[in-house]
Number of protein chains: 2
Amino acid sequence: MLKANDPALHSWIQIAPDSDFQIQNLPFGIFRTQDRDPRVGVAIGEYVLDVYVLTQHGLFDMLDVEDPTVFHRPYLNDFMALGRPIWRQVRDRISELLRNDNPEIRDNRKLMAECLLVRKNVQMLMPVNVPNYTDFYSSIEHATNVGSMFRDPAHALLPNWKHLPVGYHGRASSIIPSGVPIRRPKGQMKPADADAPIFGPTKQLDFELEVAFITGQPTELGSSLTTAEAEEYIFGMVLFNDWSARDIQAWEYVPLGPFLAKNFASSISPWVVTLDALAPFRVPGPVQEPKVLPYLEFSGDHHLDIHLEVTLQSPTLEHEAVISRSNYRHMYWNMNQQLAHHTINGCNIEVGDMYASGTISGSTPDSYGSMLELTWRGTKPLHLPDGSERKFLHDHDIVTMRGYALKNGVRVGFGEVRAEVLPAISI
Amino acid sequence: MLKANDPALHSWIQIAPDSDFQIQNLPFGIFRTQDRDPRVGVAIGEYVLDVYVLTQHGLFDMLDVEDPTVFHRPYLNDFMALGRPIWRQVRDRISELLRNDNPEIRDNRKLMAECLLVRKNVQMLMPVNVPNYTDFYSSIEHATNVGSMFRDPAHALLPNWKHLPVGYHGRASSIIPSGVPIRRPKGQMKPADADAPIFGPTKQLDFELEVAFITGQPTELGSSLTTAEAEEYIFGMVLFNDWSARDIQAWEYVPLGPFLAKNFASSISPWVVTLDALAPFRVPGPVQEPKVLPYLEFSGDHHLDIHLEVTLQSPTLEHEAVISRSNYRHMYWNMNQQLAHHTINGCNIEVGDMYASGTISGSTPDSYGSMLELTWRGTKPLHLPDGSERKFLHDHDIVTMRGYALKNGVRVGFGEVRAEVLPAISI
């Protein structure tokens, strides 16, 4: 039988070739409708497969899922807690049910109508409950760009950067799913020519193009993961927009790091693409020089070739404008290294923890992953098709990020994360 | 009838005058015994009052607590979510039941035996499930000391420090209750004379004497709290030991703040002392100059006079040695300002969120709240009664922090947070 990632697989569901949700993908999410309370779904073409309904019809009876109500929960956490063998069983079984030669749903009109819902008619919710959120800073181009602008161009990359995957703790409570608008935050900022800080809505609202992975298994406090073990703990990935207020950030971040400049909102795509679905898209990473310490060494390819794109839409634009094209393979540090580093001191991880990559910038200016870099701190405004320009984001701008991997004619995509910027609440 | 904080109140339970848990305190925690699964308790003298048992006997029937099983949960969160009017009703009712003139438990031997347990025989657990943890940096002496050592003595306090309560996000997963030992963490550090970082167990393990408050009510994403509103969201406080590895911290913390140097463990005292119980101990804070921005202005006294003490015990010491005496009133920024600042950008807070003060150092060397400061980065070792000295913590050292407020003969205390340092796991 063909494996779930085989390019030769086809579904009895018609799927457009440019759809992110081919049968080789099968990402997990949480959805609800007017009639159905929150539960686990899998995206397939223009549809959502109601996984809980499958269990109710006995279609998972041969699997080692003892409690099928894990698919009838408001988050994926309880399903993820079952561990990788179960994640694989479930994905393989869903792949089997959707193949063109499998009649179990295909030839059962009533069941089909019950378990397949039109995707645009369902509401996507937060896929996971996030107990802890960490943001890394693992793109060398981004770190170099930011270091040049905020600190010293001659020493843009700090001494520790190539020795460890720099990261910090972010705010879990304000991670929101695609579609929820964000409010322009207010805060303190200090103009270069002022003696004291001023207060008001940020004038330098920005996005950050990131990808985040999610752990589906916990560790005990005091234990560490090797780079080889790390990947077994990772369930999947989402697109991540780490909204940032640059003027607030510049004033507050020394010495303890970003705080209010980031924690007002982070938006994620609602479909969690499994690491299993992304396996065919592994690529080698950069040569790491100087050589890393032994606990950060790894074997095999752990970078992923994921095309990323950011668009801007506004009330005066006819079509959304592409403002950045980047790729997740531009990372210096890979996920295995990030997770091994995160636990080397015994820090425990939990089911549902989210780890963002940091802004993913390529080497050319059109591949930078933030307005800060695209406009070089506002000194080189972006020119949009309607004649307007942007140094940073305006109210009612809509930022959309998309991502997909493509190989041997198979596309495995993330869908999108999209949000509109609403004006600050008046003071 | 006397109010719950009245110094004239007495209980029918005999309580030593130096007990932290007088009838005017009544802190909440979560305990279990061999026979009782985790549930809400209140400390009173040498006893724990099983609050769930009270509800089973109808003693809360006159209160607006619709679901008494909120007291039969592994965390205080569901009780806290009921809001301040209920917190007060419950505290007032427990105060009433324990007064020397109230016969309801006093004269019912069977009920008394069921609801009062000897405190040393119960196991105290984490009192709250912590969705988000923030660490502030609000002691001016501590910030000045650290700035002098790690940066520039001439400009120890950074330009933003007196304009906003500097804070950052810490790790929620590794907050543990008193009594759980901690493991010496391993990590990267860079000796001053080395070209590259080395790897190994930290050589500069430290404690940080802090106090943390806990929010018992949530806000919506996008909304802010004023300094006047902030206090209504705070349920209570605990002692907080923010364990730190100074050599790891020095190497990793620029530019995004502390990460692995802090997230291996933070220890808290298990009894949450309510803000209501602490109300009599309010004192004015320092004059804040320069004047703060309007959103940080406040009226009334919001500092608290809480005596704090740190002791060190080791296998070779006959008695634990007091190594620091400080006071929570040394804070520059108060809780109301911290919470107003935290939400000014719309960041949402959740029930159970924890907010630590940052290390609380006084102005004299014996009041510094960390080994880093007490030994001035190891240059002035502490001399202990057994003839040994300490630059930083040794394996098998036990650090204990205690705190109490005292006024008009009434003592309201926190008990203690204590943990032993275990050796690093061999590599």
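Residues numbered from 1 in each chain as written. Chains lettered and ligands numbered in written order. Predicted model: local features only at pLDDT ≥ 70, side-chain atom pairs only at ≥ 80, totals over all residues. Heavy atoms only, no water.

Peer 1: I keep staring at the domain arrangement of chain A and nothing clicks. Help me out?
Peer 2: It is common to give the size of an interface as the accessible area lost on bringing the parts into contact. Residues and elements named next belong to chain A. When cut into domains, chain A gives domain 1 (3-124) and domain 2 (133-422). Spacing between the C-alpha centres of domain 1 and domain 2 amounts to 29 Å. Taken together, the contact pairs 30 residues of domain 1 with 31 residues of domain 2. At the boundary of domain 1 with domain 2, total buried surface from both sides reaches about 2,300 Å², with 61% on carbon and sulfur atoms. On the surface where domain 1 and domain 2 come into contact, there are four salt bridges. Where Glu232 meets Arg84, a salt bridge forms, and the shortest distance between an N and an O atom there is 3.3 Å. At the junction of domain 1 and domain 2, the tally comes to 15 residue pairs in polar contact (both at pLDDT 80 or more). Elements represented by at least two residues in the side of domain 1 that touches domain 2 include exactly β1 (28-32), β2 (39-44), α2 (77-80) and α3 (84-98). Of the residues assigned to the side of domain 1 that touches domain 2, the class counts are 15 nonpolar, nine polar and six charged. (Domains from an automatic or database assignment. Contact = heavy atoms within 4.5 Å. Buried area = accessible area lost by both parts, 1.4 Å probe. Salt bridge = Lys/Arg side-chain N within 4 Å of Asp/Glu carboxyl O. Polar contact = N/O pair within 3.5 Å; in protein donor to acceptor, adjacent residues only side chain to side chain. Helix = DSSP H or I, 4+ residues; strand = E, 2+ residues; numbered from the N terminus. Nonpolar A, V, L, I, M, F, W, Y, C, P; charged D, E, K, R; others polar.)

Peer 1: Honestly, helix α6 (residues 140-150) of chain A in this entry has me stumped. Any pointers?
Peer 2: Along an α-helix, residues three or four apart share an orientation, since each turn contains 3.6 residues. All names here are of chain A. Within α6, eight of the 11 residues are buried, which leaves the element mostly enclosed by the surrounding structure. Here α6 has its buried residues at His142, Ala143, Asn145, Val146, Gly147, Ser148, Met149 and Phe150. On its buried side, α6 packs onto α8 (246-252) and α11 (371-374). (Buried < 20%, exposed > 50% of the residue type's maximum accessible area, 1.4 Å probe, protein only.)

Peer 1: What's the story with α3 of chain A in this structure? I'm lost.
Peer 2: Between the first and last C-alpha of α3 of chain A there are 21 Å, a value that for 15 residues agrees with the 21 Å anticipated at 1.5 Å per step. Residues Arg84, Ile86, Trp87, Val90, Arg91, Arg93, Ile94, Ser95, Leu97 and Leu98 of chain A constitute the buried set of α3 of chain A. (Expected span 1.5 Å × (residues − 1).)

Peer 1: What am I meant to see in the relation of the copies chain B and chain A here?
Peer 2: Mapping between the two chain copies consists of a rotation about an axis together with a translation along that axis. Expressed as a screw transformation, the operator carrying chain B onto chain A has a rotation angle of 180° and an axial translation of 0.0 Å, and the superposed copies differ by an RMSD of 0.0 Å. The two molecules are tied by a two-fold rotation axis, judged by turn and shift. Proximity to the rotation axis, assessed at the C-alpha, singles out Gly257 of chain B in chain B; its C-alpha lies 2.2 Å from the axis. A high fraction, 100%, of the interface residues of chain B reappear at the interface in chain A, so the copies pair face to face through one surface. (Least-squares fit on C-alpha atoms with pLDDT ≥ 70 in both.)

Peer 1: I tried to follow the UniProt feature "domain: Fumarylacetoacetase N-terminal" (unreviewed entry) in chain A on my own but got confused; where do I start?
Peer 2: Mapped onto the present numbering, the UniProt feature "domain: Fumarylacetoacetase N-terminal" (unreviewed entry) falls on residues 24-127 of chain A. Taken end to end, residues 24-127 of chain A comprises 35% helix and 19% strand; its first and last C-alpha atoms sit 20 Å apart. (UniProt positions renumbered as here; feature names shortened; annotations may be inferred.)

Peer 1: For this particular structure, what's the right way to read the sheet that holds strand β4 (residues 116-118) of chain A?
Peer 2: Hydrogen bonding along the main chain pairs the strands of a sheet, whether they run parallel or antiparallel. All names here are of chain A. One open sheet accounts for five strands, arranged β4-β3-β2-β1-β5; its pairing is antiparallel. Of all the strands in the sheet, just β4 and β5 (123-124) have a single pairing partner and so form its edges. As judged from the four bridges shared by β1 and β2, these two strands associate in the antiparallel manner. Along β2, the bridge assignment pairs Gly29 with Gly41. (Pairing = 2+ DSSP bridges.)

Peer 1: What is the right way to look at the pairing of strand β20 (residues 307-313) of chain B in this model?
Peer 2: Consecutive side chains of a regular strand alternate in pointing toward one face of the sheet and then the other. Residues and elements named next belong to chain B. With respect to burial, β20 is a largely interior element, five of its seven residues being buried. Note: β20 against strand β25 (residues 398-407), seven bridges, orientation antiparallel. Each residue of the ladder has a partner; that of Leu308, found in β25, is Gly403.

Peer 1: How should I be thinking about the interface of chain B and chain A in this particular structure?
Peer 2: Across the boundary between the two partners, chain B contributes 55 residues, which contact 55 residues of chain A. Carbon and sulfur atoms make up 64% of the area that chain B and chain A hide from each other, which totals about 5,100 Å². There are two salt bridges connecting chain B and chain A. Inspection of the region where chain B meets chain A yields 22 residue pairs in polar contact (both at pLDDT 80 or more). Among the secondary structure elements, those contributing two or more residues to the side of chain B that touches chain A are β6 (133-136), β7 (167-169), β10 (186-189), β11 (198-201), α8 (246-252) and α10 (335-343) of chain B. In terms of residue count, the dominant contributor to the side of chain B that touches chain A is β7 of chain B (three residues). In terms of residue class, the side of chain B that touches chain A is made up of 32 nonpolar, 17 polar and six charged.

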